[in-house]
Amino acid sequence: MKHLKDLKQLKSYRARINKYFTTLQGEYHIEKVLVKGAKDNTDTIDQKVWDREPEPATLSGLALAIGFTSINEMEAYERDGEFADIVKKARLRVEAEYEKRLHFQSSTGAIFMLKSQGWAERPDDSLLNEIPKTIQIEIINSGPKLADSEKDVAL
């Protein structure tokens, strides 16, 4: 019975996360619009008209959509929760949206958010200190002795 309850909770998390990201895409319909400057006013084009504008993904919005009461609660679940991988992937989707914004002209907000998530402009110098300064090479001879010249090779 516990397995069935776990499966329902897993599906619930997935459904809430998918609904959150689908909702962010906004809603629109297509209207026929007359082409400006057309001679006979019968030429039309399809134009997208937004009923609800798209919205950016946020960690707070994700946490609320899943059912958490705070970012801290969501982070604690990511560390210890039964379905932590699903929540971690959802967080990564939000992070990917911010990463895409780095390609826009004004990406200051995206940079701030990514830095708050642990991103850094420069590599961590402490990792460079762990690289060995010297390398020891040991040559091990195996097999037949190599020929010094063509004369030493017997056919």
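Cut-offs and rules
- Residues numbered from 1 in each chain as written.
- Predicted model: local features only at pLDDT ≥ 70, side-chain atom pairs only at ≥ 80, totals over all residues.
- Heavy atoms only, no water.
- Salt bridge = Lys/Arg side-chain N within 4 Å of Asp/Glu carboxyl O.
- Helix = DSSP H or I, 4+ residues; strand = E, 2+ residues; numbered from the N terminus.
- Buried < 20%, exposed > 50% of the residue type's maximum accessible area, 1.4 Å probe, protein only.
- Axes fitted to C-alpha atoms, helices over the stretch in contact; angles between N-to-C directions.
- Parallel < 35°, antiparallel > 145°, perpendicular 65-115°, else oblique.
- Left-handed = near helix turned anticlockwise from the far one by under 90°.
- Contact = heavy atoms within 4.5 Å.
- Nonpolar A, V, L, I, M, F, W, Y, C, P; charged D, E, K, R; others polar.

Caption draft 1: Representation of the pattern of salt bridges in the model. Taken as a whole, this structure holds 4 salt bridges when the rule is applied. With a shortest N-O distance of 2.9 Å, E78 and R91 are connected by a salt bridge. Separated by 13 residues along the polypeptide, E78 in helix α3 (residues 71–80) and R91 in helix α4 (residues 84–101) bring together distant segments of the chain. We classify E78 as buried; its relative accessible area is 8%. Of the residues examined, R91 reaches a relative accessible area of 11% and is grouped as buried. One network of salt bridges, with partners in common, ties together E75, E78 and R91.

Caption draft 2: Representation of the packing of α3 against α4 within the structure. Direction vectors running N to C along α3 and α4 enclose 125°, while the axes themselves pass 7 Å from each other. Put simply, α3 runs oblique to α4. The chirality of how α3 crosses α4 is left-handed. Here M74, E75, Y77 and E78 of α3 lie close against α4, whose contacting residues are A84, V87, K88 and R91. The residue makeup of the contact of α3 with α4, split by class, is 4 nonpolar, no polar and 4 charged.

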